[in-house]
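Below, each chain spelled out in residue letters.
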Amino acid sequence: MIALVDCNNFFASCERAFNPKLKDKPVVILSSNDGCVISRSSEAKKYIPMGAPAYQYEEEFNKHGIAVLSANFTLYADMSNRINKITRQYVADIETYSIDESFFNLKGIPGDYVERCRALRKEVLKSTGIPVSIGIAPTKTLAKICNHYAKDNKDTQGVFLWSHLSNKDEFLKKLPVEHVWNVGYKISKRLNESGIYNTYQLKTADYTWIRKAFSVNTLRTVTELNEIPCFELENSNGPRRNIMSSQSFGKSVTTLNELEEAVSTYTTRAWDKLMEQKSACGYVSVGIRTSYHKDMGFYSNYYTQALEVSTWYLPDLIAAGLKALKNIYKPGFNYKKASVFLLGITARDQVNLNLLNTDYNYKKYNKLMSVVEKINNENGSEFIKYASVGIQKKWRAKSEKRSQAYTTKWSELLTIN
Amino acid sequence: MKIPLFFNTIKAGFPSPAEDFIEDKLNLNHFLIEHPASTFFVKVSGDSMINAGILPGSILIVDRSLDPHNNSTVVAVIDSEFTVKRLGYLKNERYLFPENPKYKPIKLKDSDEIWGVVTAIITQL
C-alpha cells in the first residue's frame, strides 16, 4: 500500500503557523519578485485563481481583505524538513516528491493503515501547525486521487483509503482525466479528442491503443488506475544529475557588471547544492534573457562552458560561469533573468583526472571548499563569499512582503509578549 | 633545500594519561532539545514572566509536540496574539498566570490555543 502525504495550502499554512492573525483569513503567497500567486489559503481560492499576476489583482486583494505575502522559501524549506523528519519516524520507505508532498510505503506497518496515518497527521499538525492530508491506495496514481478526496471531504478527518470508496467506478466517472496524476494538459486534450473525458473511461481504455497513441508512461498511469503498481517509490536521497539556480531580477539589468554579480551569486547557490550531495560537476551553463515584452527588444541565449577538469572548486565554477556569460552578453538590452546550471555531475571518486591537469590540486581545493561550506552552514549562506557575487546586489529579486526567517535566523525570531 | 623548523609530529615525554578518556564536546542542542522537528525558538519582549526568570530579551525553547500540564510554562495564542504564561486552573477553569504582580491572570477561551510548551530559557547576561 502506498500513501501520499500532502500539506494543505503549504506556503499559506507555514505563514499561519507563525502569524495567528492569518487564521481563517484569505491568504495568498507571491512568487519571487512578487510576480504571481503561487499558494492560496482555502478562503482565498474563490477570489483568486492560481498563478494570478499580482499587479492585476490588487483591487481584488483589497476588496476581500486578502493578506498578500512574498514567498519565504527559507521558512517553507525548514518546515518541510521538519514534516519529513516526523514522517520518517513512522515509515522507512519514503520518497520526498516535492516541498510539500511525500509518498511512502505502508508495507510492514503494524496496525490499521488509516489509524496509523491519522496518528501521523495529528502529530504533524501538533508539532508544526501544518495540516496535511493523506491518501492511501495500492498505487501512487490512486493515492494521489485519495489524497484529493481526503482534502475535499472533511468527514475523512484528513485520511482516506481507496478501498473505503463504496462505488469506485461511479466516482471515477465524475473525475475529469486532467485531474489524474501525470496526465498533463497536452495528454488530456488528446484524450478528450478521442472521446475520453472521465477517469473511468481512461481506466477501461484499450491498453494497446494507449501504448500506441500515447506513451509507455501513460500506459503506466492507466495500469495504476487498475490498481496495479507501476510507479515505484523513487529514492529521492540519490544525488541530482543536474543542479539549477535561476531567478528573475527585481529590476531591469543592462550592465555586464551586474549580470556578473547575478551569475556569480547563482553559481554559488548551485555550488551549495553540489557540496551538499558531495558531487563534482563538469560544465557550467549560463542563460540570460530579457523580459518577454517585445517592444523593448527581446534577446535570450545560453552558453555551456566546460571545466578543464570535473571539480567542486567554487572559484573555477564562477570563472567558467563568467566566461559563459561573456560569450552571450550583448549590450543594449534590458535583462530580466539569469540561470545557472551545473551539468555533468559525477560522484567525486569518479572524477576522471584530466591527464593535462595532473597538478590540479584536488586535495588543497577540497580542504578550502569544505571549510567554506562548514563556516556558511554554521553562520548562514554567503557568510563568507567570493567578491564577484557583489555586495549591494541591486538586481536582487523583490520580496517586499516577506515574513521573517522565524526558524533559521537569530535576528528574525518570532517575538512574543 | 628547505629545512622545516619544527618536526611537530615527534612527541617527547609521556603520553597524556587523559588521552583515552576524551569524549565528544558538550553539545547544547543535544542537552536542550529533545524533539528537533517540533522545537522552535522565540524571543520575549514583555516583562509579565519576570519572576519565572523570563526577562525581556530572553529566548525561549518551545516544544510544540509536548502536552501542557498544570503549571507548564506555555506559549499561547490569545486573541490572535502570542504570549508566554504559566498554565493553571482556577475553579476548574483554565487560566494563564503571569509571573509578575503587575499583570492579571487571563481566562482561556475556546478560541485560544496553546501553541507549545516552554522547555528552557536562554538569557544572556
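Residues numbered from 1 in each chain as written. Chains lettered and ligands numbered in written order. Predicted model: local features only at pLDDT ≥ 70, side-chain atom pairs only at ≥ 80, totals over all residues. Heavy atoms only, no water.

Participant: What is the right way to look at the confidence of the model for chain A in this model?
Facilitator: Low pLDDT means the predicted coordinates in that region are not meant to be read closely. On average, residues of chain A score 91 in pLDDT, and 97% of them are at 70 or above. Taken element by element, chain A is modelled with least confidence in strand E13 (residues 346-347) of chain A, mean pLDDT 86, and with most confidence in strand E7 (residues 132-137) of chain A, mean pLDDT 97. (pLDDT = per-residue confidence, 0-100. Helix = DSSP H or I, 4+ residues; strand = E, 2+ residues; numbered from the N terminus.)

Participant: I would appreciate a short explanation of the pattern of salt bridges in the present structure.
Facilitator: Note on pairing: side chains with opposite charge can pair once their charged atoms come close. Residue and element names in this part refer to chain A. Using the criterion set out here, one finds 22 salt bridges over all chains in the structure. One salt bridge connects Lys63 with Glu60, and the closest N-O pair in it is separated by 3.6 Å. In this pair, Lys63 and Glu60 are both assigned in helix H2 (residues 58-63), 3 residues apart and thus about one turn of the helix distant. In this structure Lys63 comes out as exposed when scored by relative accessible area, which is 60%. (Salt bridge = Lys/Arg side-chain N within 4 Å of Asp/Glu carboxyl O. Buried < 20%, exposed > 50% of the residue type's maximum accessible area, 1.4 Å probe, protein only.)

Participant: In this structure, what is going on with the confidence of the model for chain B? I would like to understand it.
Facilitator: All names here are of chain B. Averaged over all residues, the pLDDT of chain B equals 88, while 82% of them reach at least 70. Under a pLDDT of 50 for its full length, residues 3-9 has, in the predicted model, 0 contacts with residues more than four places off or in other chains. What the predictor reports for the complex is a pTM of 0.82 with an ipTM of 0.83. (Contact = heavy atoms within 4.5 Å.)

Participant: What's the story with the interface of chain A and chain B in this structure? I'm lost.
Facilitator: The extent of an interface is frequently quoted as the accessible surface area lost upon association of the parts. Each partner contributes residues to the interface: chain A has 20 residues there, and chain B has 26 residues. When chain A packs against chain B, the two sides together hide about 2,100 Å² of surface, and 59% of this comes from carbon and sulfur. Taken as a group, A:Lys126, A:Ile416 and A:Asn417 account for 32% of the area that chain A buries against chain B, more than any other trio of residues on that side. For the interface between chain A and chain B, the tally reads 2 salt bridges. Residues A:Lys126 and B:Asp67 are paired through a salt bridge, measuring 3.0 Å at the closest nitrogen-oxygen approach. Within the residue set of the side of chain A that touches chain B, elements represented by two or more residues are helix H1 (10-18), helix H3 (73-90), helix H4 (113-128) and strand E14 (414-416) of chain A. At 4 residues, the largest contribution of residues to the side of chain A that touches chain B is made by H3(A). As defined by bridge partners, E14(A) adjoins strand E1 (residues 39-44) of chain B across 3 bridges and the pair is classed as parallel. (Buried area = accessible area lost by both parts, 1.4 Å probe. Pairing = 2+ DSSP bridges.)

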